[in-house]
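Take a look at the letters that make up each chain.
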Amino acid sequence: MNVSEMKQRLLQLETTFKQQEDELTDLDRAIGDGDHGVNMLRGFSAVKENIDDSSMQSLFKSTGMTLMSNIGGASGPLYGFSFVKMSTVVNDDIDSQNLGQLLYTFADAIATRGKVELNEKTMYDVVKRAADNYANGDKLTVEQLQQLANDTKNMVATKGRAAYFKEDSKGYIDPGAQSMVYILSALIGEE
């Protein structure tokens, strides 16, 4: 995938988050503060004004910096920091090997910044398992990514605002896990 293709995929996320804003807000209202949908839309709406497509590295870094300064809550620093970290390993033409590297860098950035592990009902549950599945030779589809988010439904949240709900956090997909599905779908594209 080249720079112009990736730029289009990142810009398309504004439309995706416009369409999914209510869903993300409803999920976040159930086990958070109800602003995840509006925050993700705000962040990706700002990307088009700040995106630098002079190189793939610039594309990822400018996206990350924009997300950090425009998405509220924990998601802004997490997604923003992750894109900045991915900018240090991305190639100007993303092939399957580089994609695997990007997925692990994304997962490591979330784990480091969010101080999270698997099964804590967070976006990390999706990105880490997606990276592992891809490394094992699975072609990641939207359906597979969605299943990873769906799997957070039966987990008890131990991190973030959802952790206040303890056992009551069960029965809901983690909003960050759901937004991660959309971002990963954009990054993975059609190989």
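Counting from 1, residues in each chain are numbered in the order their sequence is written. Totals for whole chains, interfaces and linings use every residue, but because this is a predicted model, local features are given only for residues with pLDDT of at least 70 and side-chain atom pairs only at 80 or more, for both listing and counting. Side-chain measures were taken over the full set of non-hydrogen atoms in the model, leaving aside hydrogen atoms and water.

The line we're drawing: UniProt positions are given in the numbering used here, feature names are shortened, and annotations may be inferred rather than shown by experiment.
The chain is annotated in an unreviewed UniProt entry as phosphoenolpyruvate--glycerone phosphotransferase of Staphylococcus simiae CCM 7213 = CCUG 51256. For the chain, the Subunit (unreviewed entry) comment in UniProt is given as "Homodimer. The dihydroxyacetone kinase complex is composed of a homodimer of DhaM, a homodimer of DhaK and the subunit DhaL." According to its UniProt record, the chain has this under Catalytic activity (unreviewed entry): "dihydroxyacetone + phosphoenolpyruvate = dihydroxyacetone phosphate + pyruvate".

Some remarks on helix H3 (residues 56–70)
Worth spelling out the cut-off: The secondary structure listing takes helices from DSSP runs of H or I that are at least 4 residues long and strands from runs of E that are at least 2 residues long, numbered from the N terminus. For a helix, the expected span equals 1.5 Å multiplied by the residue count minus one. For every residue, the accessible area obtained with a 1.4 Å probe (protein chains only) is divided by the maximum for its type, and the residue is called buried under 20%, exposed over 50%, and partly exposed between those limits. By definition, residues are in contact when any of their heavy atoms lie within 4.5 Å.
The end-to-end C-alpha distance of H3 is 21 Å, a good match for the 21 Å that 15 residues give at a rise of 1.5 Å each. Taken as a whole, H3 has its buried residues at Met-56, Leu-59, Phe-60, Ser-62, Thr-63, Gly-64, Thr-66 and Leu-67. Packed against the buried residues of H3 are helix H1 (3–31), helix H2 (36–50), helix H4 (75–87), helix H5 (96–114) and helix H8 (175–188).

Some words on the environment of Ile-51
Here Ile-51 is to be found in the loop between H2 and H3. In this structure Ile-51 comes out as buried when scored by relative accessible area, which is 17%. Separated by 41 residues in the primary sequence, Ile-51 and Leu-10 have C-alpha atoms spaced 9.3 Å apart. Excluding residues within four positions of it along the chain, Ile-51 makes contact with Lys-7, Leu-11, Leu-59, Ser-62 and Thr-63.

Focus: the UniProt feature "domain: DhaL" (unreviewed entry) in the chain
As annotated by UniProt and renumbered to match this structure, "domain: DhaL" (unreviewed entry) occupies residues 4–189. Along residues 4–189 one finds 67% helix and 0% strand; the C-alpha atoms at either end are 13 Å apart.

Quick word on the pattern of salt bridges
For the record, the criterion: Think of a salt bridge as a Lys or Arg side-chain nitrogen and an Asp or Glu carboxyl oxygen that are within 4 Å of each other.
Evaluated as defined, the whole model comprises 7 salt bridges. Here Glu-14 makes a salt bridge to Lys-48, at a shortest N to O gap of 3.0 Å. In this pair, Glu-14 is assigned in helix H1 and Lys-48 in helix H2, connecting sequence segments 34 residues apart. For Glu-14, a relative accessible area of 14% translates into the label buried. Judged by its relative accessible area of 42%, Lys-48 falls in the partly exposed class.

A look at the nonpolar core
Generally speaking, nonpolar side chains in soluble globular proteins are found buried as a group. Put simply, the rule reads: By nonpolar core we mean a set of buried residues, namely Ala, Val, Leu, Ile, Met, Phe, Trp, Tyr and Cys, connected to one another through side-chain atoms within 4.5 Å.
One finds Phe-60, Phe-106, Ile-183, Leu-184 and Leu-187 to be the most contacted residues of the largest nonpolar core, which totals 53 residues. Where this core is concerned, the elements lending two or more residues are H1, H2, H3, H4, H5, helix H6 (124–135), helix H7 (142–150) and H8. Looking at this core, the element that brings in the most residues is H8, giving 9 residues. If sequence neighbours within four positions are ignored, Phe-60 has contacts with Met-6, Phe-83, Val-84, Met-86, Ser-87, Val-90, Ile-94, Leu-102 and Leu-187.

Brief notes about the packing of H6 against H7
When two helices pack together, you describe them by how their axes are tilted relative to each other and by the distance separating the axes. What counts here: In this analysis an axis means a line fitted to C-alpha atoms, helices contributing only their contacting stretch, and an angle means the value between N-to-C directions, from 0 to 180 degrees. Here is the rule for angles: anything less than 35 degrees is roughly parallel, anything more than 145 is roughly antiparallel, 65 through 115 is roughly perpendicular, and the remaining ranges are oblique. It is the rotation of the near helix from the far one that decides the hand of a crossing: anticlockwise by less than a right angle makes it left-handed, clockwise makes it right-handed. When residue character is reported, Ala, Val, Leu, Ile, Met, Phe, Trp, Tyr, Cys and Pro are called nonpolar, Asp, Glu, Lys and Arg charged, and the others, Gly included, polar.
For the pair H6 and H7, interaxial distance at closest approach is 9 Å and the crossing angle is 140°. It follows from the interaxial angle that H6 and H7 lie oblique. When the axes of H6 and H7 are compared, the crossing they make is right-handed. Of H7, the residues touching H6 (which contributes Val-126, Arg-129, Ala-130 and Asn-133) are Leu-145, Leu-148 and Ala-149. Looking at side-chain class alone, the contact of H6 with H7 contains 5 nonpolar, 1 polar and 1 charged residues.

Regarding unusual backbone geometry
At Asn-119, a position not held by glycine, the phi torsion is positive, near 70°. Topologically, Asn-119 is positioned in the loop between H5 and H6. A positive phi angle, close to 65°, is found at Lys-121, a residue other than glycine. Mapping Lys-121 onto the fold places it in the loop between H5 and H6.

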